[in-house]
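# Descriptive analysis of the structure
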Amino acid sequence: MTNSGTMVEHHLSAEGADQFILAGVGDANFRELASLFGVQVVLRGDFVRLAGEIGSVTNSARVVEHMIELARLGKSFPASDVARFAASLESRDGPDIRSDDERLRIAVPGARRSISPRSEGQRAYLQAMEDSDIVISIGPAGTGKTYLAVARAVDELFRKRVRRIILARPAVEAGENLGFLPGDLQEKVDPYLRPLYDALEDMMPPARMQRGIADRTIEVVPLAYMRGRTLSDAFVILDEAQNATAAQMKMFLTRIGVNSRVVITGDKTQIDLPPSQKSGLIQVEEILKDVKGIEFVYLDERDVTRHRLVKQIVLAYAAADRRQADDDGDEPQGPAR
């Protein structure tokens, strides 16, 4: 590291790294790094040059080292991941990308790409789905709860570890009543199930997905349709579980049959049930927390993988909830780690 007045300059070897992956499209990764740390970032030949205040250069250099390692392994990443790398490296000595991420990597069928955890919380979530028959994932929007669960379900199906995938959601959204929506019953519930279809479409070739739906290898259904069924040899996902009533949650959990894996996802800050009904997600958190074989995974703003502003939105709402709770004299219902 060289010193020039109040500024320092540091050069990092990027030999063997894919420079397009490292810099990002239109140097987006470097621009994000510069914005986060207030440093100048320039790629010249096989070296990355960092310039700025000594503390900023020191901290950004650790992130660049991690980016270079990913680029050497051919692992592409979006610019939004740069902030997560920084947060991860602040909290520990650095991610073991070769051991943990390779082991938890999910290959997407029919596509030349794979899905890996992008945060410590996501890493714990994928590991829980490997280890436990029932996983309950609780956290705010954008943390990958549904996306990673669907990825794991598709992977299990293609590896023939299960014979079918069943995706369910409560048909409750922002106080709307199904009876007032246009169309027949299927047309009424389709908007509620659309996010699950979107996740599937991102994981599977279209023809394979349509074939799976046609032969019922893949089912996307409202939670109410689960009553009376036994779900054997299946990977079952209950999404938006904060909107399942206590009775619906008990009904769902008692459907589980032989050789089935279950993932339940929910966000306790977005409950749309009437005040008179207790969320089944909150109830199972209290009742099942000590049951062996059931694992709870808590995600938070550090695990947000959507646009970087989503993290700021989650933090802003959490702060508003805390202020409201202080005014009311209650404890806020936020996600915990």
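A brief look at the structure comes next. (Residues numbered from 1 in each chain as written. Predicted model: local features only at pLDDT ≥ 70, side-chain atom pairs only at ≥ 80, totals over all residues. Heavy atoms only, no water.)

### Quick word on the overall build of the protein
For the record, the criterion: Comment: elements are numbered from the N terminus, with helices defined as DSSP H or I runs of at least four residues and strands as E runs of at least two. Buried means the residue's accessible area, taken with a 1.4 Å probe over protein chains only, is under 20% of the maximum for its type, while exposed means over 50%, and partly exposed covers the values in between. The contact rule is simple, with two residues in contact once any of their heavy atoms fall within 4.5 Å. To measure how exposed things are, a 1.4 Å probe is used in the Shrake-Rupley method; for residues, cover is taken only from the protein chains shown.
Of the regular secondary structure elements, the protein holds 12 helices and 12 strands. A total of 337 residues make up the protein; the buried ones form 47% of that total. Residue pairs at least 24 apart in sequence account for 70% of intrachain contacts in the protein once pairs closer than 6 positions are excluded. Roughly 17000 Å² of accessible area belongs to the protein as shown, and the carbon and sulfur atoms make up 50% of that amount.

### Observations concerning the environment of L148
For L148, the position within the fold is in helix α7 (residues 145–158). Residue classification places L148 among the buried positions, given a relative accessible area of 3%. Non-local contacts of L148, meaning those with residues more than four positions away in its chain, are made with I115, Q122, Y125, L126 and M129.

### Observations concerning α7
For the record, the criterion: One fewer than the residue count of a helix, multiplied by 1.5 Å, yields its expected span.
Its 14 residues place the ends of α7 20 Å apart at the C-alpha level, agreeing with the 20 Å of an ideal helix rising 1.5 Å per residue. Of all 14 residues in α7, 12 are buried, a share of seventy percent or more. Within α7, burial applies to K145, T146, L148, A149, V150, A151, R152, A153, V154, D155, E156 and L157. Immediately downstream of α7, the backbone of K160 shows phi near 60°, a positive value.

### Section: the pairing of strand β8 (residues 164–169)
To keep things clear, this is the line we draw: By this definition, two strands are paired if DSSP reports at least two bridges between them.
Most of β8 sits out of view: six of its six residues are buried. Of the two faces of β8, the one holding R164, I166 and A168 and the one holding I165, L167 and R169 are both buried throughout. In this sheet, strand β10 (residues 234–238) lies alongside β8 in parallel orientation, the contact comprising five bridges. Following the sheet pairing, L167 is matched in β10 by I237. The sheet contact formed by β8 and strand β9 (residues 218–222) spans five bridges and is parallel. Note on β9: the bridge partner recorded for L167 is V220.

### Details of the packing of helix α10 (residues 246–253) against helix α11 (residues 280–287)
Applicable threshold: Inter-axis angles, ranging from 0 to 180 degrees, are taken between N-to-C directions of lines fitted to C-alpha atoms, where helices are fitted over the stretch in contact. Two helices crossing with the near one rotated counterclockwise from the far one by less than a right angle form a left-handed crossing, whereas a clockwise rotation gives a right-handed crossing. Gly is placed with the polar residues, together with every amino acid not listed as nonpolar (Ala, Val, Leu, Ile, Met, Phe, Trp, Tyr, Cys and Pro) or charged (Asp, Glu, Lys and Arg).
The contact between α10 and α11 brings their axes to 8 Å, and the two run at 60°. Judged by the twist between their axes, the crossing of α10 over α11 is right-handed. Of the residues in α11, those touching α10 at A246, M249 and L253 are G280, L281, Q283 and V284. Residue classes in the contact of α10 with α11 are distributed as five nonpolar, two polar and no charged.

### A few points about the packing of aromatic side chains
Here is the rule: Between the rings of Phe, Tyr and Trp (Trp by its six-membered ring), a pair exists once the centres lie within 6.5 Å; its type follows the angle of the planes, with under 30 degrees stacked, over 60 edge-to-face, and the other angles tilted.
Summed over the entire model, instances satisfying the criterion amount to two aromatic pairs. Judged by centre distance (5.3 Å) and plane angle (70°), the rings of F77 and F85 are edge-to-face. The exposure classification of F77 matches that of F85, with both residues buried. An angle of 15° between the planes, with centres 6.5 Å apart, marks the rings of F296 and Y298 as stacked. Taking the relative accessible area as the measure of exposure, Y298 reaches 22% and is therefore partly exposed.

### Things to note about the sheet that holds strand β11 (residues 261–266)
Within the open sheet, the six strands sit side by side as β9-β8-β10-β11-β7-β12. Their pairing is parallel. Of all the strands in the sheet, just β9 and β12 (294–298) have a single pairing partner and so form its edges. Put simply, the sheet's adjacent strands are angled 15° from each other on average, direction ignored. Examined bridge by bridge, strand β7 (residues 134–138) and β12 share five bridges and lie parallel to one another. Within β12, the residue paired with S137 across the bridge is V297. Taken strand by strand, α7 contacts β7, β8, β9, β10 and β11, and its axis lies near 170° from that of β10.

### Regarding the environment of R159
Spelled out, the test is: The definition of a polar contact used here is a pair of N or O atoms within 3.5 Å, where within protein one atom must be able to donate a hydrogen and the other to accept one, and adjacent residues in sequence count solely through side-chain atom pairs.
Structurally, the position occupied by R159 is in the loop between α7 and β8. On the accessibility criterion, R159 (49% relative accessible area) is partly exposed. A polar atom in the side chain of R159 sits 3.0 Å from the side chain of D155.

### Digging into helix α2 (residues 28–37)
Taken together, the buried positions of α2 are A28, N29, F30, E32, L33 and F37. Phi turns positive, to about 70°, at G38, one or two residues after α2.

### Observations concerning the pattern of salt bridges
Which entries qualify depends on this criterion: Within this document, salt bridges are pairs made up of a side-chain nitrogen of Lys or Arg and a carboxyl oxygen of Asp or Glu, the two lying within 4 Å of each other.
For the structure on display, the rule yields 18 salt bridges. A salt bridge links K268 to E285; the shortest N-O distance between them is 3.0 Å. Here the residue K268 occupies a position in the loop between β11 and α11, and E285 occupies one in helix α11, the gap between them amounting to 17 residues. Classification of K268 by relative accessible area gives buried; the value is 14%.

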